[in-house]
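Secondary and tertiary structure notes
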Amino acid sequence: MEYLSADKILVVDLTTSEVTEDELSDELVEQKIGGAAINKYLYEQYEADNPVVVGTGLLTGTLFPASGAAVMTAKSPVTGNLCHCPITLKVGLEIQFAGFDYIVIKGASDNPVFLWVHDGIADITDALDVWGKNTWETTDTWRKAMGDDLIQTMVIGKAGEAGSDLAQVCLNYWASGDRFGFGKLFGEKKLKGLAFRGMGLLEIADAEEFVDQALEILDDIREGDFIGKKGIGDIYAAMGQSGVNAWLEPLVHRHSACYNTPYATNTFVYLDEDPATLKETANEEPGFLITELYGLLGFKALGLSADDACRMLKICAKGGYDAAAVAHQAKAAGKTSMGDIESALADFSGAGPMHGKGVFSPWCPNQPLFSFFEEAEEDPGGWWERRQAVAYIFGIHPIFAVMSPELVEDDMLEMAGVGTELSIEPEKLNAAVAYLYK
Amino acid sequence: MGIKIDALKCTGCMACEMACGYHRDDGFALLASCIVAYRTREKKDYFGVIVKEEDELLIARPEGLEVKKLGASEEPSEPAQKADASAKPMLLREACDMCEDMEVGPMCVKFCPVNAISPA
Ligand code: SF4
Ligand code: SF4
C-alpha cells in the first residue's frame with residue numbers, strides 16, 4: 001500500500017533466525033482495513049507456529065486525533081483465546097515509523113534474543129546480557145547500547161522469563177494493555193522484547209484534504225465533555241471510583257498523553273521526590289508513570305496506602321507483572337501488605353479481572369467516560385465491543401474512544417479513503433469487526 | 001512574531017511535532033520539525049517543548065521559559081542536545097517560519113489539543 005504505510009510486512013522466524021518481508025497489498029487493506037483485523041489475518045496464516053503479531057492501525061501515527069495506538073495480537077496463554085491489546089504511549093508511533101506496518105514473530109528461539117527494528121531493518125539480536133534483568137534495566141541497556149534515548153521498547157521481565165501467567169509485555173518502563181499474559185508467550189519464545197526506532201515518512205494520498213478534515217474533527221473534539229479533565233484520577237471519578245483522586249493527589253507530579261491523544265491518560269507520581277518539583281530532579285528514578293487503571297484500583301481495595309500501592313505498581317512493572325492480575329490474585333490469597341504481595345509474586349497464577357468478551361484488553365474501562373454515548377444506553381456491552389474493535393482497527397487510543405463521541409466511524413472511514421485512495425466502505429468495516437469475533 | 005508555549009499545559013503528545021513535520025514534508029514525518037516535544041528524561045517525567053527560531057532556541061521547560069541565543073560558539077543546552085537523540089540535531093533544522101505558506105496558519109498552534117501553544 002502506497003499511502004499511510006511503510007508497505008511492508010515483516011515475518012520473523014525465531015526457530016530458524018530467518019527474517020523475510022512481504023508487501024502490504026491494497027487488497028488486504030480493502031478487505032480487512034488494518035490493525036487488529038490484519039493482525040488476526042496474519043496470525044491465521046502462521047497459526048501453526050504460535051505467532052505474536054504486532055501491527056499498526058490504518059490511521060496510526062497520523063494527525064487524525066488520538067491515532068496513537070498499535071496492536072499486539074496472539075493466543076493468550078492464560079485465557080486460550082486469540083486476543084488483542086493496545087500498544088500506546090509513543091511506542092505505537094515508533095512502530096509506525098520504524099519501517100514495517102505488521103510484524104509476525106513465529107516459532108521460538110533456543111537462546112534469549114530481542115528484535116531490533118530500525119529504519120526498515122530488523123535484526124534478531126542476542127539478549128543474553130539482559131536475560132534475568134528487569135524491564136527498566138533492559139530498556140536502559142538497549143537505549144545505551146544503541147546510543148539513542150528515544151528507542152521505544154516492548155519488554156518482559158522476570159515474570160515472562162519464568163513463565164508466569166501474570167507476565168506482561170511492558171512498554172519502555174511502564175505497564176501496558178497486555179492483560180492476557182502475552183509476556184509469558186514472549187518468555188516461551190525466549191524473546192526478551194522488541195526495540196523500535198525510525199525516521200520514516202508516511203505519504204498521504206490527498207494530504208491537504210486529510211489534514212483539513214483532521215483539524216475539523218479535532219475542533220469538534222475540543223468542545224467535548226472531557227475538556228478540563230486530566231490524568232487517571234479524573235478517569236476514576238468518571239468510573240464512579242470517587243475516592244481515588246483525593247487518595248492519589250498528594251503524589252501526583254504531572255499528567256501526560258499518548259501520541260496525539262487529546263486526553264492525558266497517564267499520570268506520573270513522585271515517590272522519592274517532592275511532587276511539586278518542576279525542575280529536573282537529580283534523582284534518576286523518582287517515581288512511576290501510571291498507565292493502567294485496574295492495578296492501582298486493586299491495590300487500593302486491598303487497603304494499601306497510595307504510596308505503597310504506587311510502589312507496588314513499580315515493582316510489578318519492573319518484574320513485568322500485570323499489576324491488575326497481581327492485585328486480583330493477592331486478594332484471593334489474602335495478601336494485603338506490600339511485602340507479602342511482593343514475596344508471593346512468583347507463586348501467583350491465573351488471570352486477572354476481565355470484562356467484555358475476552359477479545360479486547362480489559363485495560364480500557366467498559367463504560368463511557370465523561371460523555372454520553374446513545375448506543376451505550378441501549379446496549380452497553382455491545383457498544384463497548386464495537387467501540388474497541390473500531391479503535392483497534394484504525395489505531396485509535398482505546399480509552400479515548402470511550403470518552404469522545406465526537407470520534408465517529410464515518411469520519412474514520414472517510415479519512416481512510418482520503419489518506420489512502422482505497423475504497424473502504426461501512427460494509428467493509430462491519431465485515432472486519434465481525435471477523436474479529438469469528 | 002513567533003509562538004509561545006505554556007509548558008505546564010503541555011502533555012507531551014507530540015501533535016505539534018507531527019504538525020510541523022507535515023508542514024515541512026507534506027507527509028507524516030518528524031525529521032524536519034522545528035518544534036520538538038523533548039522526552040528523553042522519561043523516568044524523571046521531565047518534558048517540555050523546544051522551538052528552533054531564526055537565531056534562538058526557545059526551550060519551554062516546566063519551570064519556565066529559556067531563550068538561548070544561537071551563537072557560533074555556543075553549545076545548545078541539555079534538553080536541546082538530547083531532544084532528538086540520534087535524529088537530526090535541532091541546530092541543523094530549519095527555523096520556524098510561522099507556517100507562512102499554510103492557509104490555516106501555524107500548524108502546531110492548530111493541532112495542539114490542549115491549547116498549550118499560541119501565537120506570541
Ligand atoms: S509555526 Fe509552523 S513552522 Fe513554526 S513551529 Fe509551528 S508548525 Fe513549525
Ligand atoms: S501539541 Fe501541545 S500538548 Fe502536545 S506536545 Fe505539543 S505543546 Fe505539548
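Residues numbered from 1 in each chain as written. Chains lettered and ligands numbered in written order. Predicted model: local features only at pLDDT ≥ 70, side-chain atom pairs only at ≥ 80, totals over all residues. Heavy atoms only, no water.

Describing the overall build of chain A
- Helix and strand content of chain A: 18 helices and 14 strands.
- Here the C-alpha atoms of chain A give a radius of gyration of 20 Å, agreeing with the 22 Å that 2.2 N^0.38 yields for 438 residues.
- Along the three orthogonal principal directions, the C-alpha set of chain A runs to about 55 × 50 × 45 Å.
- In chain A, which comprises 438 residues, the proportion classed as buried is 62%.
- Looking at chain A alone, contacts between residues at least 24 apart form 69% of all its contacts between residues at least 6 apart.
- Carbon together with sulfur atoms contributes 45% to the accessible area of chain A, which is approximately 14,400 Å² in total.
- Side chains of chain A give 32 positive and 67 negative charges; the mean places of these two sets differ by 8 Å. (Helix = DSSP H or I, 4+ residues; strand = E, 2+ residues; numbered from the N terminus. Rg over C-alpha atoms; globule rule 2.2 N^0.38 Å. Buried < 20%, exposed > 50% of the residue type's maximum accessible area, 1.4 Å probe, protein only. Contact = heavy atoms within 4.5 Å. Areas by Shrake-Rupley, 256 points an atom, 1.4 Å probe, with all protein chains shown as cover. Lys, Arg positive; Asp, Glu negative; His and termini not counted. Charge placed at Lys NZ, Arg CZ, Asp CG, Glu CD.)

Re the overall build of chain B
- When you go through chain B residue by residue, the secondary structure sums to 3 helices and 6 strands.
- From first element to last, N terminus to C terminus, chain B shows the α and β order β-α-β-β-β-β-α-α-β.
- Considering chain B as a whole, with its 120 residues, one finds that 63% of them fall into the buried category.
- Across chain B, every contact between residues at least 6 apart in sequence was considered, and the portion connecting residues at least 24 apart equals 50%.
- For chain B, the exposed area adds up to about 4,800 Å²; of that, 50% sits on carbon and sulfur atoms.

Thoughts on the interface of chain B and chain A
- Tallying the contact residues gives 44 residues for chain B and 56 residues for chain A.
- Interface of chain B and chain A: buried area, both sides summed, is about 4,100 Å²; carbon and sulfur atoms make up 60% of it.
- The largest contributions to the chain B side of the interface with chain A come from F28, K43 and K44 of chain B, which together make up 23% of the buried area.
- Note that R41 of chain B is salt-bridged to E280 of chain A, the shortest N-O span being 2.9 Å.
- One can count 19 residue pairs in polar contact (both at pLDDT 80 or more) joining chain B with chain A.
- Looking at the side of chain B that touches chain A, the elements with two or more residues in it are α1 (15-25), β2 (35-41), β3 (46-52), α2 (78-83) and α3 (107-111) of chain B. (Buried area = accessible area lost by both parts, 1.4 Å probe. Salt bridge = Lys/Arg side-chain N within 4 Å of Asp/Glu carboxyl O. Polar contact = N/O pair within 3.5 Å; in protein donor to acceptor, adjacent residues only side chain to side chain.)

Examining the site of ligand 2
- Every residue close to ligand 2 is listed here: C10, T11, G12, C13, M14, A15, C16, V49, C112, P113, V114 and I117 of chain B.
- Counted by class, the shell around ligand 2 contains 10 nonpolar, 2 polar and no charged residues. (Near = heavy atom within 4 Å. Nonpolar A, V, L, I, M, F, W, Y, C, P; charged D, E, K, R; others polar.)

Quick look at the packing of aromatic side chains
- The full count for this structure, using the stated rule, is 17 aromatic pairs over all chains.
- Note on Y173 of chain A and W174 of chain A: the rings are 5.4 Å apart at their centroids and 65° apart in plane angle, and the pair reads as edge-to-face.
- With 5.5 Å between their ring centres and 65° between their planes, F210 of chain A and F28 of chain B make a pair best called edge-to-face. With one member in each of two chains, F210 of chain A in helix α7 (residues 207-221) and F28 of chain B in the loop between α1 and β2 form a pair that bridges those chains. As far as burial versus exposure is concerned, F210 of chain A and F28 of chain B are alike and both buried.
- Through a chain of ring-to-ring contacts, the aromatic side chains of W136, Y173, W174, F268, Y270 and F288 of chain A assemble into a single cluster.
- Directly above the ring of Y435 of chain A sits K40 of chain A, whose terminal nitrogen or CZ lies 5.0 Å from the centroid.
- Geometry around F47 of chain B places R254 of chain A over its ring, the cationic atom sitting 3.8 Å from the centre. (Phe/Tyr/Trp six-rings, centres within 6.5 Å; stacked < 30°, edge-to-face > 60°. Lys NZ or Arg CZ within 6 Å of the ring centre and 35° of its normal.)

Notes on the packing of α7 of chain A against helix α17 (residues 409-420) of chain A
Residues and elements named next belong to chain A.
- Axis separation between α7 and α17 bottoms out at 9 Å; the angle between their running directions is 160°. With respect to α17, the axis of α7 lies roughly antiparallel. Where α7 crosses over α17, the two elements pack in a sense that is left-handed. Together, E209, F210, Q213, A214 and I217 of α7 and D411, E414, M415, V418 and G419 of α17 make up the contact between the two elements.
- Looking at side-chain class alone, the contact of α7 with α17 contains 5 nonpolar, 2 polar and 3 charged residues. (Axes fitted to C-alpha atoms, helices over the stretch in contact; angles between N-to-C directions. Parallel < 35°, antiparallel > 145°, perpendicular 65-115°, else oblique. Left-handed = near helix turned anticlockwise from the far one by under 90°.)

Description of the sheet that holds strand β6 (residues 102-106) of chain A
Residues and elements named next belong to chain A.
- The mixed open sheet is built from 6 strands, whose spatial order is β2-β1-β6-β3-β4-β5. Here the strands that pair on one side only, and so sit at the sheet edges, are β2 (18-22) and β5 (82-87). Between one strand axis and the next, the sheet turns by 15° as a mean value, whatever way the strands run.
- Note that strand β1 (residues 9-13) and β2 share 5 bridges and pair antiparallel. Looking at β2, one finds that D13 is bridged to E18.
- Together, β1, β3 (52-56), β4 (70-75), β5 and β6 form the strand contacts of helix α2 (residues 35-45), whose direction differs from that of β4 by roughly 35°. (Pairing = 2+ DSSP bridges.)

Things to note about the packing of helix α10 (residues 294-301) of chain A against helix α11 (residues 306-319) of chain A
All names here are of chain A.
- α11 packs onto α10 with a crossing angle of 130° between their chain directions and a minimal axis gap of 9 Å. Judged by the angle between their axes, α10 and α11 are oblique. The two elements α10 and α11 meet at a crossing, and its hand is right-handed. Residues G295, L296 and F299 of α10 pack against A309, C310, M312, L313 and C316 of α11.

Digging into α7 of chain A
- The end-to-end C-alpha distance of α7 of chain A is 21 Å, a good match for the 21 Å that 15 residues give at a rise of 1.5 Å each.
- Buried residues of α7 of chain A: A207, F210, V211, Q213, A214, L215, I217, L218 and I221 of chain A, and no others.
- Buried residues along α7 of chain A sit in contact with α16 (398-401) and α17 of chain A together with α1 and α3 of chain B. (Expected span 1.5 Å × (residues − 1).)

Concerning the environment of G157 of chain A
All names here are of chain A.
- Tracing the sequence through the fold places G157 in the loop between β9 (152-155) and α5 (158-161).
- We classify G157 as buried; its relative accessible area is 0%.
- The residues contacting G157, other than those within four sequence positions of it, are K133, T135, K192, K318, G319 and G320.

Details of the site of ligand 1
All names here are of chain B.
- Neighbouring residues of ligand 1: C20, H23, R24, C34, I35, C96, D97, M98, C99, P106, M107 and C108.
- Elements with a contribution of two residues or more to the shell around ligand 1: α1 and α3.
- With 3 residues, α1 is the largest single contributor of residues to the shell around ligand 1.
- The residue inventory of the shell around ligand 1, partitioned by class, reads 9 nonpolar, 1 polar and 2 charged.

Considering the domain arrangement of chain A
All names here are of chain A.
- Here the domain parsing of chain A yields domain 1 (1-223 + 351-438) and domain 2 (231-347).
- Centre-to-centre separation of domain 1 and domain 2, based on C-alpha positions: 24 Å.
- The interface is formed by 47 residues belonging to domain 1 together with 34 residues belonging to domain 2.
- For the pair domain 1 and domain 2, the summed buried area comes to about 3,300 Å², and 66% of that belongs to carbon and sulfur atoms.
- The largest contributions to the domain 1 side of the interface with domain 2 come from W136, L166 and W174, which together make up 20% of the buried area.
- The interface formed by domain 1 and domain 2 includes 2 salt bridges.
- The closest approach of N and O atoms between R179 and E292, which form a salt bridge, is 3.7 Å.
- The tally of links from domain 1 across to domain 2 stands at 17 residue pairs in polar contact (both at pLDDT 80 or more). (Domains from an automatic or database assignment.)

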